[in-house]
Amino acid sequence: MELKLNATGKIKTIEIAGKFDIESTEEFESIFAKIIEPNPSIVSIDMSRLDYIDSSGIGSLIKSLNSLKNKKGKLILVGMKPMIMNVFKLAKLDMFFEIMNEMDFRTKYVSDDDTDSEIDDLLKRN
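Rules behind the numbers
- Residues numbered from 1 in each chain as written.
- Predicted model: local features only at pLDDT ≥ 70, side-chain atom pairs only at ≥ 80, totals over all residues.
- Heavy atoms only, no water.
- Phe/Tyr/Trp six-rings, centres within 6.5 Å; stacked < 30°, edge-to-face > 60°.
- Buried < 20%, exposed > 50% of the residue type's maximum accessible area, 1.4 Å probe, protein only.
- 1 Å grid on protein atoms, 1.4 Å probe; cavity = no way out; pocket = protein on both sides within 12 Å on 5 of 7 lines; lining within 4 Å.
- Points joined across faces, edges and corners; volume = space filled by probe spheres on them.
- Helix = DSSP H or I, 4+ residues; strand = E, 2+ residues; numbered from the N terminus.
- Nonpolar A, V, L, I, M, F, W, Y, C, P; charged D, E, K, R; others polar.
- Salt bridge = Lys/Arg side-chain N within 4 Å of Asp/Glu carboxyl O.
- Pairing = 2+ DSSP bridges.
- Right-handed = clockwise from strand over helix to strand, strands pointing away.
- pLDDT = per-residue confidence, 0-100.
- Contact = heavy atoms within 4.5 Å.

### Some details on the packing of aromatic side chains
Any aromatic ring pair is given by two values, namely how distant the centres are and how the planes are angled relative to each other.
Then, number 1: In the structure shown here, the tally under the stated rule is 4 aromatic pairs.
Then, number 2: Here Phe-20 and Phe-28 contribute two aromatic rings whose centre-to-centre distance is 5.0 Å and whose plane-to-plane angle is 55 degrees, an arrangement assigned as tilted.
Then, number 3: The class for Phe-28 is buried, based on a relative accessible area of 0%.
Then, number 4: Ring geometry for Phe-88 against Phe-97: centres 5.8 Å apart, planes inclined by 70 degrees, an arrangement best described as edge-to-face.
Then, number 5: With relative accessibility at 4%, the residue Phe-97 sits in the buried group.
Then, number 6: Connected via pairs of aromatic rings, a cluster forms that spans Phe-20, Phe-28 and Phe-32.

### Describing the layout of surface pockets
Then, number 1: In this model, the largest pocket occupies a volume close to 160 Å³.
Then, number 2: What lines the largest pocket is a set of 13 residues, and nearest its centre among them are Thr-8, Thr-13, Asp-46, Glu-102 and Arg-106.
Then, number 3: Every element with two or more residues in the lining of the largest pocket is listed here: β1 (2–8), β2 (11–20), β3 (42–53) and α4 (102–109).
Then, number 4: Taken together, the residues of the lining of the largest pocket sort by class into 4 nonpolar, 4 polar and 5 charged.

### Topic: the pattern of salt bridges
Then, number 1: Counted under the stated rule, the structure contains 6 salt bridges.
Then, number 2: For Lys-19, the salt bridge goes to Asp-21, with nearest N and O atoms at 3.9 Å.
Then, number 3: One salt bridge in this structure joins Glu-29 and Lys-63, with 3.1 Å as the shortest N-O distance. One end of the pair, Glu-29, is in helix α1 (residues 25–36); the other, Lys-63, is in helix α2 (residues 55–70), with 34 residues separating them in the sequence.

### What about the pairing of β3?
In regular strands, side chains alternate between the two faces of the sheet.
Then, number 1: Pairing analysis gives 9 bridges linking β2 to β3, with the strands arranged parallel. The residue bridging Ala-17 from the neighbouring strand is Arg-49, located in β3.
Then, number 2: On the question of chirality, the crossover connecting β2 to the parallel β3 by way of α1 is right-handed.
Then, number 3: Sheet topology note: the β3/strand β4 (residues 74–78) ladder contains 5 bridges and is parallel.

### Topic: the confidence of the model for the protein
Then, number 1: When pLDDT is averaged across the protein, the result is 88; 87% of the residues are at 70 or more.
Then, number 2: A low-confidence stretch, residues 114–120 (pLDDT under 50), is modelled with 19 contacts involving residues beyond four sequence positions or located in other chains.

Printed below as a string of structure tokens:
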């Protein structure tokens with residue numbers, strides 16, 4: 001799994017690429033905990049390059065959703081491939097997560113004057 005962090009305005013984004021399985025949950029949860037320390041109101045998970053997710057990866061996302069809800073924040077899953085979306089629908093997880101495509105997410109949450117700034121230093125500190 002490859003993780004990349006970005007900030008666009010007030011939205012923190014974690015891009016996940018590759019496989020999200022038991023071997024990568026600890027790294028993801030550590031990064032997610034660091035991102036929500038300053039209480040961001042919105043965290044998006046860009047899943048457009050995610051090829052595989054197992055039950056431990058899904059469990060990690062559920063844990064992250066609950067952590068952010070406890071801080072009155074919002075977690076949005078963005079750009080899911082159809083195969084992964086089917087997994088979420090079969091497990092009825094689409095009823096708990098806010099899932100959006102990239103265009104709808106950008107239209108609703110990202111304004112034109114927001115600039116991207118890399119925060120990959122969080123990964124380096126990990």
